[in-house]
Every structure is written in C-alpha cells, then in structure tokens.
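Residues per chain are reported as follows:
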Amino acid sequence: MAKHADLSIDFLGFKCENPFFLSSSPVSGTYEMCAKFLEAGGGGVFYKTLTTTIPEECSPRFDVQRKEATPFISFKNMEQTSDKPYQDNLDAMKKLKENYPNKLIIGSIMGMDEDNWEEMARDYTALGIDMLELNFSCPQMTYEGMGSDVGASVELIDKYVRAARRGSNLPLIAKMTPNIEKMEIPARAAINAGAQAISTINTIKAITGMDFDHFTALPVVNGKSSISGLSGKATKPIALRFITNMAQDSELKDIPLSGIGGIETWEDAAEFIMAGASNVQFTTSVMQYGYRIVEDMISGLSIYLAEKGFDKLEDFVGIALKNIIPADDIERDFKILPQINYDKCVNCGRCYISCFDAAHQAIEWDNKNRKPTIDENKCVGCQLCLQVCPVYDCITPGKVLFKEEDQFGMGSKTKWKDNAVNKHDVIVGKYDRP
Amino acid sequence: MSNSNNVGVKEGISLKPSQGYLEETVTPFTPFLAMEEAARCLLCYNPPCSEGCPADTNPGDFIRAIRFRNFKGAAEIIRSNNILGGVCARVCPYEKTCEGACERSGIDKPIQIGRLQRYITDFEKTTGFQVLDPPPSTKEKVAMIGAGPASLSAAATLAMKGYSVTIFEEKKKAGGVLSYGIVPARLPQYVVDEEIEYVTNLGVEIKLNTKVGKDITLDEIRNQGYKAILLGAGMQISRTLDVPGLDLEGVTTAVEYLGKARSNDKDFNPGKNVVVIGGGDVALDCATTARLKDAESVTVLYRRTREEAPANRQELEYTESLGINFAFTLSPAVFEGENGKLTTIKANGTRNKSAMKLEADTVVFAIGQQPEDFSKVVEGIGLDKNNFVTSLENGKTNIPDIFVAGDIDLDSIKTVVNSVQGGKIAAKSIEEYLTKAGRKQASCSPMHPKGGK
Ligand SMILES: Cc1cc2nc3c(=O)[nH]c(=O)nc-3n(C[C@H](O)[C@H](O)[C@H](O)COP(=O)(O)OP(=O)(O)OC[C@H]3O[C@@H](n4cnc5c(N)ncnc54)[C@H](O)[C@@H]3O)c2cc1C
Ligand SMILES: Cc1cc2nc3c(=O)[nH]c(=O)nc-3n(C[C@H](O)[C@H](O)[C@H](O)COP(=O)(O)O)c2cc1C
Ligand code: SF4
Ligand code: SF4
Ligand code: SF4
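In this text, all values refer to a predicted model and were calculated from it rather than measured experimentally. (Residues numbered from 1 in each chain as written. Chains lettered and ligands numbered in written order. Predicted model: local features only at pLDDT ≥ 70, side-chain atom pairs only at ≥ 80, totals over all residues. Heavy atoms only, no water.)

(A) How the structure looks around the overall build of chain B. Summing up its helical and strand segments, chain B has 14 helices and 15 strands in all. Viewed in the frame of its principal axes, chain B has a C-alpha envelope of about 90 × 55 × 40 Å. A buried classification covers 54% of the 453 residues belonging to chain B. Counting only contacts in chain B whose residues sit at least 6 apart along the sequence, the fraction spanning at least 24 positions is 69%. Taken as a whole, chain B presents about 20,200 Å² of accessible surface, with 50% of it coming from carbon and sulfur. (Helix = DSSP H or I, 4+ residues; strand = E, 2+ residues; numbered from the N terminus. Buried < 20%, exposed > 50% of the residue type's maximum accessible area, 1.4 Å probe, protein only. Contact = heavy atoms within 4.5 Å. Areas by Shrake-Rupley, 256 points an atom, 1.4 Å probe, with all protein chains shown as cover.)

Structural data, given as structure tokens:
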C-alpha cells in the first residue's frame, strides 16, 4: 500500500487516534450514533449539548441553500439542545467511554445560571469522560442568557467558566460564537477564567431564503419563521478566518484550537489544521452524507501528509500562519497575465463577458471566429477570466510583468516592463488542485 | 476544440470522421468533468455498482472518494482490488456489470463508472502515485502458463503476499488478448504495457517466447522447484464453420486477423472487400479494424437477427455509424475462389429461402474460440470435450498442484474483469494450498533427525 502518515495527535493531554470528531449536534445525539461514527474510524465525539430542562422544538426546523442544482451549499437549523432525557444522555456518554477507551469522548453542556453550570459539570465529570465543552454559542436558544448571548458577553463567559471549573477538574473547551466581530476578546476571557482550549465556529445567525407565498423566512413553521443558525460548506471561509485570527492572537497563540465549520473533505480539514487547529469537528456534512465521509478524510489526509514528508500531524498544525499576513504587507509591484490555451478553448465567450462587464475590458472578442484575445496593456492580472472559464486548465497564469519604478498611485495608468522577472521569482497558486 | 462535429453515439466518444486505427475513441475526463460526474452519483447505501463489479473493484467507494476529493485514496481502492484497473476501465462490459447496476438510471442514465475509473488510473500514472509496495519474495515459487489477464491478476496477488512468481508465455509480448485481440481504439497498447510493467515491478518474472509443452515441459517446471502451477492459457483456437472453400487464401479467423492488425501495424493487409462472420463484440472489433484500416467495403454476416446479436448495443451503433454493412439471418454456404484465392461468398438465409452473393477477398470467422488441448501438456487434467478445464471450486483442479483461471476454465465468464477475479480467487487457493503443504512438511519433518528418542 501507498505510504500513509500517522494521524494521531495530542489534544489537551489525550492522544487522539486522528483529528476527526463529530461536533455536538444531532449527529452525536445517542450512543448508537456515536458508536457508528467511531466504528467508521472517527477519532472522537463531542456529544450533543444537554440542558437540564429539555427544550421544545419546532417542525420543520431545517432549510438548505442551493445553488443551481447543488444542495446544501449551506444549511440552517432551528434546533436547540438535546431532546432526550438528561439521565439517558449521561448513561450514553458513560457507556461510550467504557466501550471506546481510546477514542476522545467529550460532553457538551449549557447551564442556565452559575449553579446549573456547576451542577452539570459535576454530573458529567462523574461519567469518566475525557473533557467538557462549554456551549457559549447556540444562536437560537429560547431562553435568555443562554447560547450565543453568553458568547458575546465577557462577563457571562467569566462567570460560567468559573462555575464549570468549580464543578469539574476536567479540561474545559469553550465553544465560541461567530456572531461577533472579534472572537479573540471573549476567547481570552474564557481562557483567563480557566478554560484550556477553544472550539469554533458554532452556527452563524442567518436566513437562507424566503417563502414566496407566506412571506416569511424558511423553514415555515405554521406561517412564521426566525433568524437561526447557518452551517455547512458556505460557512467554511468565515470559520477559517476566525481560527486564523485566534491562532495569530498574541494571547491565544499557544491555546489548542478545535476547528469547525463546513468541513466535508480531507482538504477542508487540512485547511483548518494549517490555520492552527489541532483537530476538526463537523456536523452538516454528516447530516448530508453520513459518517462514512470520515473514511476519505483519513485516507486523503494521511496520503497527503506522507507525500509531503510530515512525520507527525503536529508538524502540520498552523503551518500556513506565517504566510497569512496583513493586506498592507502583500506585494503589489507585479501583475500576472492570464494566457488562453486555444487548443482547449470551446469558444463560449464567458471570459470576455466577465472581463467586459466586471473587470477591465481587456479581452477582445472576435465574433466571427468566436475567439477571445487578451490585451496585455489593459489586463490588470486580476484573473477573473481564469476563474470563470468552464474548461479545466484552459486559461492559466502566464507572463509576469513588473511595474516600472516609483509609480505609486498611478492605478490603471501604471507602466509595466516585460523582462523584469530578475527581481524575484513569483510564486503562483494553483486555482484548483487536480 | 469544438465537439460539434462528433458523430459518435457512445457516451464520451469523440469520433472524428478521420478516426485513426490507433486513436483511442473515448475521450478522457478533465478534473472538472470527473467532479461533475462524481457529483451526479447518488452515493448509494450498499452501492449496487460495487456488487455489479465481478472483480470487487469497488466503484461505490472510489466514486465517493472522488466526490470527497480523495483522488489518491480512489486510486488505492482501484489498484489494490484490480491490478488491471486501467485496462478494465476501458474494456469492461459496463452495461452488464457496474453501470448496469447503477441506481442513477432510475433518474436518467447511469454514472459513467468506466470513464471515472479511467480518470483515476490515468491520474495515478501521471502523478506517479505508488499504491502497491510489495514485500520481499521469501515464499514458495509459483509458475503460471500464459501471460493474459488471469495470470497477471493471480501473479500480482501472490507477489503482494511474498511469493515468487514466474509466468511462461509463448508469444513475444505479454498480455494475451489485451495485446493480440482487443482493438487499440478501445485499448491502446501503452495502457496494457504500463499495467504489465506494474505487475513486473511487483517482482513477477515473465518468460516470453516460451510455450509450455514445447519449449519447456510441466515436469521441468516442477523440477525447477515450482510448488504450484496456474493454467491461464485462455482460448487460442478460433472456431470455424464446415464450409466448402475453407482453405482458400483470404479465409482467416478473428484472433489471427486482430492479432496481426495490432502487432505489425505496417504489413497488415486488411483486405479490400471484407466479410466478417459473427454477431458478438469480437466480430464488431474485426469489422471496425477493417474499416479503420481502410478496407473498401465491410460486411458483417450474422445468422440471427440484430436484436438477438450478443454484441454491446453502443458498440453496435458505433460500428454502424462507421458505415459498415450488416446482413442478418444469413449463414455462409460456400466460399469460391480463383487460383486458390477467395473471390466470392455465397450465403443462405437461416430463417427463409433468401440467398446472397458477396464479392470478397477476405473473410474473418468471429464465431467463438476454444482452448488448445492440454491433455498431453498437463497429463491427467480434467477436460471437457471442447478442451475446457473442468475445475473444482475456487480455481482448483483434479491435480493438487495445478490451478486454473480465466477463459480456459469451463465455468468462467469470458471477460477481462472476470478473468481478473478468477486470478484473484485462484491465487487465494494457491496460497491456502501452499500454506497447508508448508505446515504438513514442517510437522512431518522428524523432530530428531538422527532417529534418537
Ligand atoms: C477479439 C477479442 C475482443 C475481446 N474484447 C473484450 C472486451 O472488450 N472486454 C472484455 O472484458 N473481454 C473481451 N474479450 C475477452 C477477454 O479478452 C478474455 O476473456 C480474457 O483475455 C481472458 O484472459 P485469460 O488470461 O484467460 O486468457 P488470454 O487473454 O487468452 O491469455 C492467455 C495467454 O496464454 C498464452 N498461452 C496459451 N497457451 C500457452 C502455453 N502452452 N504456453 C505459454 N503460454 C501460453 C497465450 O499466448 C496468451 O498470451 C475479448 C476477446 C477477444 C478474443
Ligand atoms: C441541527 C444542528 C444542531 C446543532 N446543535 C448543536 C448543539 O447542540 N451544540 C453545539 O455546540 N452545537 C450545535 N450545532 C452546531 C454544530 O456543532 C457546528 O458547530 C456547526 O454546525 C458548524 O459545523 P458544520 O458546518 O460542520 O455543520 C448544531 C448544528 C446543527 C446543524
Ligand atoms: S471562457 Fe475559456 S473556453 Fe470560454 S472563450 Fe474564454 S478561454 Fe475560451
Ligand atoms: S472493473 Fe470494470 S466492471 Fe468493475 S467497476 Fe471497473 S469498469 Fe466497472
Ligand atoms: S449505483 Fe450508481 S448512483 Fe449508486 S453509488 Fe453506484 S454509481 Fe453511484
């Protein structure tokens, strides 16, 4: 068999078989469900969040965003915490740990007040599970002072982390809400109050779409609807940004991070790890495809790491952080012209339309031969055409032109020279891996 | 390049009017198209496509791997189950195997599994991704007769378990029908060569130009220390009909005609007026070969109707689109010639009193094959009246150290993918046999060699 790297990695002192976990949600809602995922190869589970009072749920409670025929671009839910009896859930977590001692079993709690946080922490600790996740981030709780209300308040976070700490000596992971501009601030508060790690993102407050007959948001619950949490692939870019922010924060940079948000493939997972997460969690992709997706995460990531020569996953954690820099440090003295491979071009004209209507009118269109030609002077190298072209590897990055010296602020009037590649080699990204 | 002038009817076929004999007919997927096709897959539970694959190539799993952008994992799934994955991707009768079982047909049309499999095996090659990493060969020596798909598959399976395998092949090229039968438009030679190289890179030795029974005997093989022998000799004899004029120059068989076309591209004479007899895929291969090699007129003569012809429908339509004539419910009655050379074929209706006379300088029999007689080569081997080996279960024969796989096995389905599976199964039986024999030997060997107590 091909070489596969070892994916085991430490998380707060626990040696995880691999970095792939179910996030706290209905996909981790019973013993049997978690067990099936662990049997499929998953490294651990964050069990569905409990509250001591079972919430009332609505029906229907989900909506999906489609783009053309593709479903689940993003996913909206109106669910709250577990709808199963508290004690049944505690029993399930206990049994999971007993039967899967080598897998990471984490319980997620959400208290109503300080006493309740402390009491739940104590109940969970007695189960023998590995860690606690503190849910400060559900955006659709029907009780005030719970869920993402907490995640946005430094005072509440401080109070509740301390309360949980009083009830438990287990490692505490604070699950943060993305419904906020700077996550570093509440995250620091959680760490200062005694949490050991941060997990994020929980869902983003959103509306996926409207109903055109009942004039409300989706899903329609007897004629009405609410703003509630969005998850799935479309949220990944936002989640990656939060993880990067925290991994680069001076106070948080040594705090272990657990990345969540739109993870579907091994590549998605690898992206979070590159951005500083030491493991990842997922829900929506499992809702759509089932636990088996973890098989390709394991296979794909272990082959990739072996090929890149990483001996242990740890060495890969945060590897991209030094290359993600402030926008004003980005080099801006060259442009990369796209080049069209006419053997592949199917003469659709999409590049021409996008360049004319949305870029710099730099593509000329020969209507008779249906042939696009790039005007090097007008082209600014934005590469919109390259992204739009429907043919694989038809438009690719081509010639590099450098600015003539000292033309700051010339904009489209800038002069370019052709032979200046001597300055330095330009590293070009691949816009779609094979 | 615009696809607007395609006249092909087969999915993915880009048949240009000037299609060459050596040009592969089906175009490969680009990465975008492969993703699009994988996204069409319903990702079924217990995927029926996987159950439909005779060689357990596991399309359900490898398509899912593509969908989740795990291309190398997909390559691993294919290659570790089917050593001839790239060949099968091109020649499998998908409509009867994986694609025939595909649930997507309930919505519109099946997933193009063969083309996805080809995309991944091509990707594996272009990226140089090495799936199989064989252990050193420390176990017994195993010999195989014939280097076709059955032996290649068995050899790879055993090499991966540490056995040292030698294949004896009478021809100057390995591959069996892959190198001497199937037309390059469907299976280019480089694909065959690369997959054979894959097998030899696992440590398997192929001795070419060595016919067992002529250049080496079975006893010699046994005496050289081979502890088990696989018979994978295929079907080398073409059936013909008892028609007057059979010995005229210009009367030939499919295996001979295709083999010549494929191996000596320049000297091969396709004939001017060619008649092919038969209604299966091999007959169509002969007809397209004649056409693509510029025969002037090509006619396929078949004794039953078009509907009854066993040939693949898409291939049949494709062949028709090349301008090849078909004459159904007709059977040859007599071949006539001048100076020993074929000039005319007379055929009679099989269902009525029709009669037909065709000018022809070449007639190709494509009505089936059968194995050579191995009763002298492997003495005592159980054979049926047509020389097929009557196997016991799982590739075992009535002789303990002789195993069988592929077309020569009476019970086999005569395709490449079934031969691959036959090879895998026989390899397992060989392993069991050698492990047992090894254990017996160990327990029989005296504990105290000097006889003392
Ligand atoms: C024209 C043609 C087209 C076909 N097209 C398809 C197709 O599209 N798809 C498909 O799935 N199947 C196809 N088949 C069937 C398929 O090729 C066979 O089922 C398959 O090749 C059988 O494999 P094998 O290893 O049993 O035998 P073979 O491929 O026949 O290989 C046997 C080998 O043994 C060698 N040999 C024989 N006797 C000896 C001896 N005494 N000593 C040493 N070597 C010996 C032969 O030279 C040969 O190389 C086709 C067959 C033909 C003839
Ligand atoms: C239906 C549903 C219910 C969820 N319930 C919880 C929960 O009880 N506790 C929690 O911490 N997060 C909950 N989440 C949030 C997920 O754990 C996760 O943070 C979020 O969905 C983003 O990941 P994803 O894009 O992989 O789904 C829920 C998400 C969904 C879709
Ligand atoms: S978008 Fe691509 S295929 Fe279409 S005209 Fe432009 S270069 Fe050609
Ligand atoms: S080996 Fe052939 S039958 Fe099996 S999945 Fe591949 S193409 Fe289909
Ligand atoms: S049967 Fe068809 S749709 Fe279902 S998994 Fe297989 S290829 Fe996909």
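(B) View of the overall build of chain A. On a plain count of helices and strands, chain A comes out with 12 helices and 21 strands. On the principal axes, the C-alpha backbone points of chain A span a range of 75 × 55 × 45 Å. Looking at the 434 residues of chain A, the share that counts as buried comes to 53%. Residue pairs at least 24 apart in sequence account for 68% of intrachain contacts in chain A once pairs closer than 6 positions are excluded. Entry remark: accessible area of chain A is about 20,100 Å², with carbon and sulfur atoms responsible for 51%.

(C) Expanded view of the site of ligand 1. All names here are of chain B. As a matter of local geometry, ligand 1 sits amid 35 residues, with V91, E169, R186, D407 and V416 nearest to it. One of the backbone N or O atoms of K414 is found 3.5 Å from an oxygen atom in ligand 1. The protein chains hide 95% of the 1,000 Å² of surface that ligand 1 would expose on its own. Counted by class, the shell around ligand 1 contains 15 nonpolar, 12 polar and eight charged residues. Both domain 2 (141-236 + 371-442) and domain 3 (238-368) contribute no fewer than three residues apiece to the shell around ligand 1. (Near = heavy atom within 4 Å. Polar contact = N/O pair within 3.5 Å; in protein donor to acceptor, adjacent residues only side chain to side chain. Nonpolar A, V, L, I, M, F, W, Y, C, P; charged D, E, K, R; others polar. Domains from an automatic or database assignment.)

(D) View of the interface of chain B and chain A. Across the boundary between the two partners, chain B contributes 25 residues, which contact 29 residues of chain A. The largest share of the area that chain B buries against chain A comes from F32, F68 and R69 of chain B, three residues that together contribute 31% of it. At the boundary of chain B and chain A, one finds five salt bridges. Between K72 of chain B and E307 of chain A there is a salt bridge, with its nearest N and O atoms 2.5 Å apart. (Buried area = accessible area lost by both parts, 1.4 Å probe. Salt bridge = Lys/Arg side-chain N within 4 Å of Asp/Glu carboxyl O.)

(E) Main features of the side chain of Q369 of chain B. By secondary structure assignment, the location of Q369 of chain B is in strand 14 (residues 369-370). With near-sequence residues (within four places) excluded, Q369 of chain B lies in contact with M235, I237, S238, R239, V255 and F388 of chain B.

(F) The site of ligand 4, seen in detail. Close to ligand 4 lie C53, T57, P59, N82, C88, C92, Y94, T97, C98, Q117 and V417 of chain B. In the shell around ligand 4, the residues fall into seven nonpolar, four polar and no charged.

(G) Main features of the domain arrangement of chain B. Residue and element names in this part refer to chain B. In terms of domains, chain B is made up of domain 1 (8-127), domain 2 (141-236 + 371-442) and domain 3 (238-368). Between domain 2 and domain 3, the C-alpha centre-to-centre distance is 31 Å. The interface of domain 2 with domain 3 comprises 14 residues on the first partner and 10 residues on the second. With both sides pooled, the region where domain 2 packs onto domain 3 buries about 920 Å², and carbon together with sulfur makes up 47% of that total. Of all residues in domain 2, Y180, V183 and R186 bury the most surface against domain 3, accounting for 47% of the area lost on that side. Linking domain 2 with domain 3 are one salt bridge. With a shortest N-O distance of 2.6 Å, R186 and D285 are connected by a salt bridge. Only helix 8 (177-180) and helix 9 (189-201) provide two or more residues apiece to the side of domain 2 that touches domain 3. If you tally residues by element for the side of domain 2 that touches domain 3, the top one is helix 8, at three residues. Of the residues in the side of domain 2 that touches domain 3, the class split is nine nonpolar, four polar and one charged.

(H) Representation of unusual backbone geometry within the structure. Residue and element names in this part refer to chain A. Cis geometry marks the peptide bond from S59 to P60, where omega comes out at -5 degrees. With respect to the element layout, P60 can be found in the loop between strand 4 (44-46) and strand 5 (62-67). With a phi close to 60 degrees, F72 is a non-glycine residue in the positive phi region. Mapped onto the elements, F72 comes out in strand 6 (residues 70-77).

(I) Representation of the pairing of strand 15 (residues 257-260) of chain A within the structure. Residues and elements named next belong to chain A. Burial along strand 15 is two-sided: the face carrying L257 and G259 and the face carrying S258 and I260 are both buried. Across three bridges, the pairing between strand 10 (residues 197-200) and strand 15 is parallel. Pairing of I198 across the sheet is with L257, part of strand 15. One crossover worth recording links strand 15 to the parallel strand 16 (residues 279-282) by way of helix 8 (residues 266-274), and it is right-handed. (Pairing = 2+ DSSP bridges. Right-handed = clockwise from strand over helix to strand, strands pointing away.)

(J) A look at helix 11 (residues 350-358) of chain A. All names here are of chain A. Within helix 11, burial applies to C351, S354 and C355. Each buried residue of helix 11 sits inside an arc of 95 degrees when the element is viewed along its axis, so together they form one side. Packing partners of the buried residues in helix 11 comprise strand 18 (363-366), strand 19 (371-374), helix 12 (384-388) and strand 20 (395-403). (Arc of directions from axis to C-beta.)

(K) Highlighting the confidence of the model for chain B. Residue and element names in this part refer to chain B. Put simply, chain B has an average pLDDT of 91, and 93% of its residues get 70 or more. In this model, residues 1-9 is a region of pLDDT below 50 whose contacts with residues beyond four sequence positions or in other chains number 15 contacts. In the model, residues 446-453 has pLDDT below 50 throughout and makes one contact with residues more than four positions away in sequence or in other chains. The ipTM value of the predicted complex is 0.83, and its pTM value is 0.88. (pLDDT = per-residue confidence, 0-100.)

(L) Region of interest: the packing of aromatic side chains. Tallied over the entire structure, the rule returns 22 aromatic pairs over all chains. Relative to F123 of chain B, the ring of F71 of chain B lies with its centre 5.6 Å away and its plane at 55 degrees, an arrangement referred to as tilted. Residue F71 of chain B is found in helix 4 (residues 71-81), and its partner F123 of chain B is found in helix 6 (residues 113-127); the two are separated by 52 residues along the sequence. Overall, the relative accessible area of 5% leaves F71 of chain B in the buried class. The exposure class of F123 of chain B is buried, given its relative accessible area of 7%. One aromatic cluster is present, built from ring pairs that chain together W266, Y304, F310 and F316 of chain A. The lysine or arginine in question, K371 of chain A, covers the ring of Y342 of chain A, its NZ or CZ lying 4.5 Å from the ring centre. One residue, R67 of chain B, lies across the ring of F68 of chain B, its end atom 4.7 Å from the ring centre. (Phe/Tyr/Trp six-rings, centres within 6.5 Å; stacked < 30°, edge-to-face > 60°. Lys NZ or Arg CZ within 6 Å of the ring centre and 35° of its normal.)

(M) Seen up close, the sheet that holds strand 1 (residues 141-145) of chain B. Residues and elements named next belong to chain B. Read from one edge to the other, the open sheet built from five strands follows the order 3-2-1-4-15, with strand pairing classed as parallel. On the outer flanks of this sheet lie strand 3 (205-207) and strand 15 (402-404), each paired with one strand and no other. Along the sheet, successive strands turn relative to each other by an average axial angle of 25 degrees, direction set aside. Of the strand pairs in this sheet, strand 4 (residues 226-231) and strand 15 are connected by three bridges, and their pairing is parallel. Note that in strand 15 the partner of L231 across the bridge is V404. (Axes fitted to C-alpha atoms, helices over the stretch in contact; angles between N-to-C directions.)

(N) Representation of the sheet that holds strand 11 (residues 204-206) of chain A in the model. All names here are of chain A. Strand order in the open sheet formed by four strands is 5-6-14-11, and the pairing between neighbours is antiparallel. Edge positions in the open sheet fall to strand 5 and strand 11, since each of these has one partner strand only. Shown here is a sheet whose adjacent strand axes are inclined to one another by a mean of 45 degrees, direction ignored. Where strand 6 and strand 14 (residues 228-231) come together, three bridges link them in antiparallel fashion.

(O) Layout of the pairing of strand 2 (residues 164-168) of chain B. Residue and element names in this part refer to chain B. Within strand 2, four of the five residues are buried, leaving the element largely enclosed by the surrounding structure. Here strand 1 pairs with strand 2 via five bridges, running parallel. Residue pairing for strand 2: V142 is matched across the bridge by V165. Crossover strand 1 to strand 2 through helix 7 (residues 149-159) is right-handed. Direction of pairing for strand 2 relative to strand 3: parallel, over a ladder of three bridges. The residue bridging I167 from the neighbouring strand is I206, located in strand 3.

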